[in-house]
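One-letter residues, chain by chain:
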Amino acid sequence: QVQLVESGGGLVQAGGSLRLSCAASGRTFSSSAMGWFRQAPGKEREFVAGISWNGGSTYYADSVKGRFTISRDNAKNTVYLQMNSLKPEDTAVYYCAARVGSTVVVRPAAGYDYWGQGTQVTVSS
């Protein structure tokens, strides 16, 4: 069993920055690929970024490439999402997710076993 708790969301003006954190419980974190997803009202949940088990590989949606950075600290059982140059269209609930037992990132949400409760990010224009 893995529990994920996100934090760091909030209200920010366009062009600003936020750093999301996702704290994980359980021994399997360090061997699990992790992902960040987001869901805006009336839209499907979409892949934002993913990181392999050791941080050696990272992946991004085209819409955030160059602005967002995913990282992880396995000693702290935490994955981060640094979001810079935020735009109003980044407004959504952001979720972290874990692929327990798999070291490889995939983009479909169905590929993840555990999810956090989500944290709201609102970017004003």
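None of these values were measured; they are calculated from a predicted model. (Residues numbered from 1 in each chain as written. Predicted model: local features only at pLDDT ≥ 70, side-chain atom pairs only at ≥ 80, totals over all residues. Heavy atoms only, no water.)

Undergrad: Give a description of the overall build of the chain that names residues and reports values.
TA: When helices and strands are tallied, the chain shows 0 helices and 11 strands. For 125 residues, the compact-globule formula gives about 14 Å, and the C-alpha radius of gyration of the chain, at 13 Å, lands near that figure. Each principal axis of the C-alpha distribution contributes one length, and for the chain these read about 40 × 30 × 25 Å. Taking all 125 residues of the chain together, 43% fall into the buried category. Nonlocal contacts in the chain, meaning residues at least 24 apart in sequence, comprise 59% of its contacts between residues at least 6 apart. Charge separation in the chain, taken as the distance between the mean sites of 12 positive and 8 negative side-chain charges, equals 5 Å. (Helix = DSSP H or I, 4+ residues; strand = E, 2+ residues; numbered from the N terminus. Rg over C-alpha atoms; globule rule 2.2 N^0.38 Å. Buried < 20%, exposed > 50% of the residue type's maximum accessible area, 1.4 Å probe, protein only. Contact = heavy atoms within 4.5 Å. Lys, Arg positive; Asp, Glu negative; His and termini not counted. Charge placed at Lys NZ, Arg CZ, Asp CG, Glu CD.)

Undergrad: Could you give an account of the nonpolar core, with specific residues and numbers?
TA: Ranked by internal contacts, the top residues of the largest apolar core, which has 28 residues, are Trp36, Leu81, Met83 and Tyr94. Those elements that place two or more of their residues in this core are strand S3 (18-24), strand S4 (33-39), strand S5 (46-51), strand S7 (68-73), strand S8 (78-83), strand S9 (92-99) and strand S11 (119-124). Setting aside residues no more than four positions away along its own chain, Leu81 makes contact with Leu18, Arg19, Leu20, Trp36, Val48, Ala49, Phe68, Thr69, Ile70 and Tyr94. Phe37, Phe47, Ala97 and Val105 belong to the second largest nonpolar core, which has 6 residues in total. (Core = buried A, V, L, I, M, F, W, Y, C linked by side-chain atoms within 4.5 Å.)

Undergrad: Run through the packing of aromatic side chains, naming residues and quoting values.
TA: By the definition in use, this model includes 5 aromatic pairs. Relative to Tyr112, the ring of Phe37 lies with its centre 5.1 Å away and its plane at 80°, an arrangement referred to as edge-to-face. With Phe37 in strand S4 and Tyr112 in the loop between S9 and strand S10 (114-115), the pair connects residues that are 75 residues apart, well separated along the chain. A single burial state applies to Phe37 and to Tyr112, both of which are buried. In this structure, Arg19 is placed above the aromatic ring of Tyr80, and the distance from its NZ or CZ to the ring centre is 4.0 Å. For Arg72, the ring lying beneath its charged end belongs to Phe29, and the centroid distance is 4.5 Å. (Phe/Tyr/Trp six-rings, centres within 6.5 Å; stacked < 30°, edge-to-face > 60°. Lys NZ or Arg CZ within 6 Å of the ring centre and 35° of its normal.)

Undergrad: Kindly report on unusual backbone geometry, identifying the contributing residues and their values.
TA: Phi angles above zero are rare outside glycine, and Asn77 is one such case at about 55°. The phi dihedral of Ser85 falls on the positive side, at around 50°, and the residue is not glycine. Within the element layout of this structure, Ser85 appears in the loop between S8 and S9. According to the relative accessible area criterion, Ser85 is partly exposed, its value standing at 40%.

Undergrad: Account for the side chain of Arg67, with residues named and values stated.
TA: With respect to the element layout, Arg67 can be found in the loop between strand S6 (58-60) and S7. Judged by its relative accessible area of 10%, Arg67 falls in the buried class. Setting aside residues up to four positions removed in sequence, Arg67 forms contacts with Gln82, Met83, Asn84, Ser85, Leu86, Lys87 and Asp90.

Undergrad: An account of the environment of Gln13 is requested, with residue identities and associated values reported.
TA: Among the secondary structure elements, Gln13 is positioned in strand S2 (residues 10-13). The exposure class assigned to Gln13 is exposed, which follows from its relative accessible area of 61%. For the pair formed by Gln13 and Ser125, sequence separation is 112 residues and the distance between their alpha carbons is 6.2 Å. Those residues within four positions of Gln13 in sequence are excluded, and the remaining contacts are Val123 and Ser124.

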